[in-house]
Amino acid sequence: MKRLLLILTFIPVFSFSQYTTIPDKNFEQALIGLGYDDVIDSKVLTANIIYVDSLYLSKKNIKDLTGIDAFTDLTFLICDNNQLTSLDVSKNKALNYLDCSFNSLTSLDLSYNNAYTYLGCLGNQLTKFGYK
């Protein structure tokens, strides 16, 4: 009985301590600068980012935006002038403003998003582009 009580005591802690992996150190440093994280450890507390609606990541030397999918309320993303070779915003359904200009993107699939009011993707090497 004591063991069951002990296990039940820690379940809420584990369920609310979920993290999102952020492998790019420059992306994580940008999140620290914006106040969403506090230490470079390749992860950010998911509760700190799920309600973020705008991200300004211009000129941060970011190569990888893995983890951007956890920003589920994101409507505005500026990630221009970085070193991105891929960008997956398929889980960012609310996104309506995207500027990913001047990166090294070769493909961009926006078929999962239908709310765009602005899309900037100049200065990439796009050979494949998908849009609904």
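The structure we're discussing is the one just above.
None of the values given here were measured: they were computed from a predicted structure.

Conventions adopted
- Residues numbered from 1 in each chain as written.
- Predicted model: local features only at pLDDT ≥ 70, side-chain atom pairs only at ≥ 80, totals over all residues.
- Heavy atoms only, no water.
- Phe/Tyr/Trp six-rings, centres within 6.5 Å; stacked < 30°, edge-to-face > 60°.
- Helix = DSSP H or I, 4+ residues; strand = E, 2+ residues; numbered from the N terminus.
- Lys NZ or Arg CZ within 6 Å of the ring centre and 35° of its normal.
- Buried < 20%, exposed > 50% of the residue type's maximum accessible area, 1.4 Å probe, protein only.
- Contact = heavy atoms within 4.5 Å.
- Polar contact = N/O pair within 3.5 Å; in protein donor to acceptor, adjacent residues only side chain to side chain.

## Thoughts on the packing of aromatic side chains
And then number 1: Summed over the entire model, instances satisfying the criterion amount to 4 aromatic pairs.
And then number 2: Here the aromatic rings of Tyr-56 and Phe-76 are separated by 5.3 Å at their centres, their planes lie at 50°, and the arrangement is tilted. With a gap of 20 residues between them, Tyr-56 in strand β3 (residues 54-56) and Phe-76 in strand β4 (residues 76-78) connect regions that are remote in the sequence.
And then number 3: Aromatic rings pair up to connect Tyr-56, Phe-76, Tyr-97 and Tyr-118 into one cluster.
And then number 4: Directly above the ring of Tyr-19 sits Lys-43, whose terminal nitrogen or CZ lies 4.4 Å from the centroid.

## Focus on the environment of Thr-66
And then number 1: Counting through the fold element by element, Thr-66 comes out in the loop between β3 and β4.
And then number 2: Judged by relative accessible area, which is 38%, Thr-66 ranks as partly exposed.
And then number 3: Once the C-alpha coordinates of Thr-66 and Asp-24 are considered, the two residues, 42 residues apart in sequence, prove to be 7.6 Å apart.
And then number 4: Excluding its chain neighbours within four sequence positions, the residues that come into contact with Thr-66 are Thr-21, Ile-22, Pro-23 and Phe-27.
And then number 5: A polar contact is formed between the side chain of Thr-66 and the side chain of Asp-64, at a distance of 2.6 Å.

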